[in-house]
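Structural description and commentary
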Amino acid sequence: YQLLYVGKEGSPLQDKDIRCAMTYATDRKSIVDIYGGTGITPIANGLFSPGEQGYLEDTGALPFDLGKAKELVDKWKAAHGGQTPKIKLGVTQDQTVLPSASAAQ
């Protein structure tokens, strides 16, 4: 679970294409593998597990697709004079959080 702060004026995260690019660029299977859950932990596509109130079979989560992610970033760059979007990643220094933060980076 990651929380994005999109309220800062001028942040690339205010652009839907950048948020979608980040989702397309997230390999959820690799993140599960990092935590050692290969074959044990299912890949989540939402906040709630089956059987919990709020669970949806299909949340509309975007699939892992680096080509699509790059396409959306290139679109943003073209609209912003070729500059590269800059996003700050802040995390707690907790050993359970750091592998996820590294994957997000």
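The structure this text deals with has already been given above.
Residues numbered from 1 in each chain as written. Predicted model: local features only at pLDDT ≥ 70, side-chain atom pairs only at ≥ 80, totals over all residues. Heavy atoms only, no water.

1. A word on the overall build of the protein chain
For the protein chain, the helix and strand inventory stands at four helices and zero strands. From first element to last, N terminus to C terminus, the protein chain shows the α and β order α-α-α-α. On the principal axes, the C-alpha backbone points of the protein chain span a range of 45 × 30 × 25 Å. Within the span of the protein chain, comprising 105 residues, buried residues form 16% of the whole. When the accessible area of the protein chain is evaluated, it comes to approximately 8000 Å², of which 55% is carbon and sulfur surface. Charged side chains in the protein chain number 11 positive and 12 negative. The centres of these two groups are separated by 8 Å. (Helix = DSSP H or I, 4+ residues; strand = E, 2+ residues; numbered from the N terminus. Buried < 20%, exposed > 50% of the residue type's maximum accessible area, 1.4 Å probe, protein only. Areas by Shrake-Rupley, 256 points an atom, 1.4 Å probe, with all protein chains shown as cover. Lys, Arg positive; Asp, Glu negative; His and termini not counted. Charge placed at Lys NZ, Arg CZ, Asp CG, Glu CD.)

2. Brief notes about the pattern of salt bridges
Tallying each qualifying case throughout the model produces three salt bridges. A salt bridge links K29 to D33; its shortest N-O distance comes to 3.0 Å. Placement of the pair is K29 and D33 together in helix α2 (residues 28-34), with a separation of four residues, close to one helical turn. The salt bridge involving E71 is made with K68; its shortest N-O contact spans 3.3 Å. Linking E71 with K68, this pair stays in helix α3 (residues 66-79), spanning three residues, or about one helical turn. (Salt bridge = Lys/Arg side-chain N within 4 Å of Asp/Glu carboxyl O.)

3. What to know about α3
Its 14 residues place the ends of α3 20 Å apart at the C-alpha level, agreeing with the 20 Å of an ideal helix rising 1.5 Å per residue. Of all the positions in α3, only A69, L72 and W76 are classed as buried. When α3 is viewed along its axis, its buried side chains cluster within an angular range of 70° and face the same direction. Among the exposed residues of α3, those pointing more than 90 degrees away from its buried face are K70, K75 and A78. Residues of α3 that are buried sit in contact with α1 (16-24). Among the residues of α3, the N-terminal cap falls to D65, whose side-chain oxygen and the backbone nitrogen of G67 are separated by 3.2 Å. At the exit of α3 stands G81, carrying a positive phi of roughly 65°. (Expected span 1.5 Å × (residues − 1). Arc of directions from axis to C-beta. Contact = heavy atoms within 4.5 Å. Polar contact = N/O pair within 3.5 Å; in protein donor to acceptor, adjacent residues only side chain to side chain.)

4. Digging into α1
Within α1 the residues assigned to the buried category are D17, I18, C20, A21 and Y24. Take α1 and look down its axis: the buried residues cluster within an arc of 160°, on one side only. The inward-facing, buried residues of α1 contact α3. Of the residues flanking the start of α1, the one acting as N-cap is D15, its side-chain oxygen 2.7 Å from the backbone nitrogen of D17.

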